[in-house]
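# Results of the structural survey
Here's the letter readout for the chains.
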Amino acid sequence: MNDPLTIDDIVDQRAYERERQDFRRHVIALKRRRRVGVGPHVTLVFENRDTVRFQIQEMARVEKIITDEGIQSELDVYNPLIPGPGQISATLFVELTDEAQLREWLPKLVGIETEVEHRLGPTGGHRVRCRVDEAHLRQLTREEMTASVHYVHFDLDDDEVAAFADGPVTLALTHPNYAHEVVLGEGARAELLADLRGGT
């Protein structure tokens, strides 16, 4: 299930070191199935409970967060990325490799986090637009330049989940300066369908 994480789900650093190699291998394979590139510069990684737990464990490891208060702060930031039933959540990465690309593209892509949609069915006529977390929007969005990382959510009703299951599903970016789309592969669609069905 994709229930929110609690402090009890985040193990202390010695315990994490014992499981880290296997857990990291698991999450890398998981993210490979849940990573979708759209056009040359944008990738979405669709999150679930394991990917979020990995993020928090790694943050705690690197920043040496050992108090319950510190872990709770991380949980408060990242738990909203765990999708509930009828939901999909993703981290959107603007992937640019050098300073020149950053200077060129980040100003051009302001607002890209609001321009993501799933198109359902053979004609793609039914569209599910993304929802941006308000706290992250306030933190990451600037008028003159976008951030390289954004968090987006999709809310589907029962009919939309059924259409998602039937496929095909196209993931599209509709920004004026970045209009690209890709049909989800069967592996990615199966992963996201599990999220929509409550992580089963």
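Described in the following lines is the structure provided in the data block. (Residues numbered from 1 in each chain as written. Predicted model: local features only at pLDDT ≥ 70, side-chain atom pairs only at ≥ 80, totals over all residues. Heavy atoms only, no water.)

## Considering the overall build of the protein chain
Along its length, the protein chain carries 7 helices and 9 strands. For 200 residues, the compact-globule estimate of 2.2 N^0.38 gives 16 Å, and the protein chain sits close to it at 17 Å. Here the C-alpha coordinates of the protein chain stretch approximately 50 × 40 × 30 Å along the principal axes. By residue count, 46% of the 200 residues in the protein chain fall in the buried class. Counting contacts in the protein chain only where the partners sit at least 6 residues apart, residues at least 24 apart contribute 73% of the total. When the accessible surface of the protein chain is summed, it comes to about 10,300 Å², and 49% of that surface belongs to carbon and sulfur atoms. Averaging the coordinates of the 24 positive side-chain charges in the protein chain and doing the same for the 36 negative ones gives two points 6 Å apart. (Helix = DSSP H or I, 4+ residues; strand = E, 2+ residues; numbered from the N terminus. Rg over C-alpha atoms; globule rule 2.2 N^0.38 Å. Buried < 20%, exposed > 50% of the residue type's maximum accessible area, 1.4 Å probe, protein only. Contact = heavy atoms within 4.5 Å. Areas by Shrake-Rupley, 256 points an atom, 1.4 Å probe, with all protein chains shown as cover. Lys, Arg positive; Asp, Glu negative; His and termini not counted. Charge placed at Lys NZ, Arg CZ, Asp CG, Glu CD.)

## Remarks on the side chain of glutamate 74
For glutamate 74, the location among the structural elements is in helix H3 (residues 68-78). Of the side chains with opposite charge, lysine 31 lies nearest to the buried glutamate 74, which makes no salt bridge, at 13 Å. Setting aside residues no more than four positions away along its own chain, glutamate 74 makes contact with Ile56, Met59 and Ile65. (Salt bridge = Lys/Arg side-chain N within 4 Å of Asp/Glu carboxyl O.)

## Examining helix H2 (residues 49-63)
Compared with an ideal rise of 1.5 Å per residue, which puts 15 residues at 21 Å, H2 spans 21 Å between its outermost C-alpha atoms and is within 8% of the ideal. Here H2 has its buried residues at Thr51, Val52, Arg53, Phe54, Ile56, Gln57, Glu58 and Ala60. In this structure, the buried side of H2 is in contact with helix H1 (13-34) and H3. A side-chain oxygen of the first residue of H2 lies 3.1 Å from the backbone nitrogen of aspartate 50; this N-cap is asparagine 48. Lysine 64 sits one or two positions beyond H2 and adopts a positive phi of about 55°. (Expected span 1.5 Å × (residues − 1). Polar contact = N/O pair within 3.5 Å; in protein donor to acceptor, adjacent residues only side chain to side chain.)

## Considerations on the nonpolar core
Formed by 33 residues in total, the largest nonpolar core has its most connected members in Leu44, Phe46, Phe154 and Phe164. Not counting the four nearest positions on each side in its chain, phenylalanine 164 is found in contact with Ile88, His118, Leu120, Leu156, Val169, Leu184, Arg189, Leu192, Leu193 and Leu196. If you look at the next biggest cluster of nonpolar residues, it comprises 12 residues, including Ile10, Ala60, Ile71 and Tyr78. (Core = buried A, V, L, I, M, F, W, Y, C linked by side-chain atoms within 4.5 Å.)

## Focus on the environment of glutamate 69
Examined against the element boundaries, glutamate 69 turns out to sit in helix H3. Each C-alpha atom of the pair glutamate 69 and isoleucine 7 lies 9.3 Å from the other, and the pair is 62 residues apart in sequence.

## Comments concerning the packing of aromatic side chains
In the structure shown here, the tally under the stated rule is 2 aromatic pairs. Geometrically, the ring pair formed by phenylalanine 23 and phenylalanine 54 is edge-to-face, given 5.9 Å between the ring centres and 65° between the ring planes. Here phenylalanine 23 is found in helix H1, whereas its partner phenylalanine 54 is found in helix H2, with 31 residues between them in sequence. An identical accessibility class is assigned to phenylalanine 23 and phenylalanine 54; each is buried. Ring geometry for tryptophan 105 versus tyrosine 178: centroids 6.1 Å apart, planes at 85°, classification edge-to-face. Here tryptophan 105 is found in helix H4 (residues 99-108), whereas its partner tyrosine 178 is found in strand E9 (residues 178-183), with 73 residues between them in sequence. Overall, the relative accessible area of 1% leaves tyrosine 178 in the buried class. Above the ring of phenylalanine 23, the side-chain terminus of arginine 53 is found at 4.5 Å from the ring centroid. Cation over ring: lysine 108 sits above tryptophan 105, and NZ or CZ is 4.1 Å from the ring centre. (Phe/Tyr/Trp six-rings, centres within 6.5 Å; stacked < 30°, edge-to-face > 60°. Lys NZ or Arg CZ within 6 Å of the ring centre and 35° of its normal.)

## A closer look at H3
Of the positions making up H3, those classed as buried are Gly70, Ile71, Glu74, Leu75 and Tyr78. The arc that holds the buried residues of H3, viewed along the axis, is 140°, so those residues lie on one side. The exposed set on the far side of H3, more than 90 degrees from its buried face, consists of Glu69 and Asp76. Considering only its buried residues, H3 is in contact with H2 and strand E7 (149-155). (Arc of directions from axis to C-beta.)

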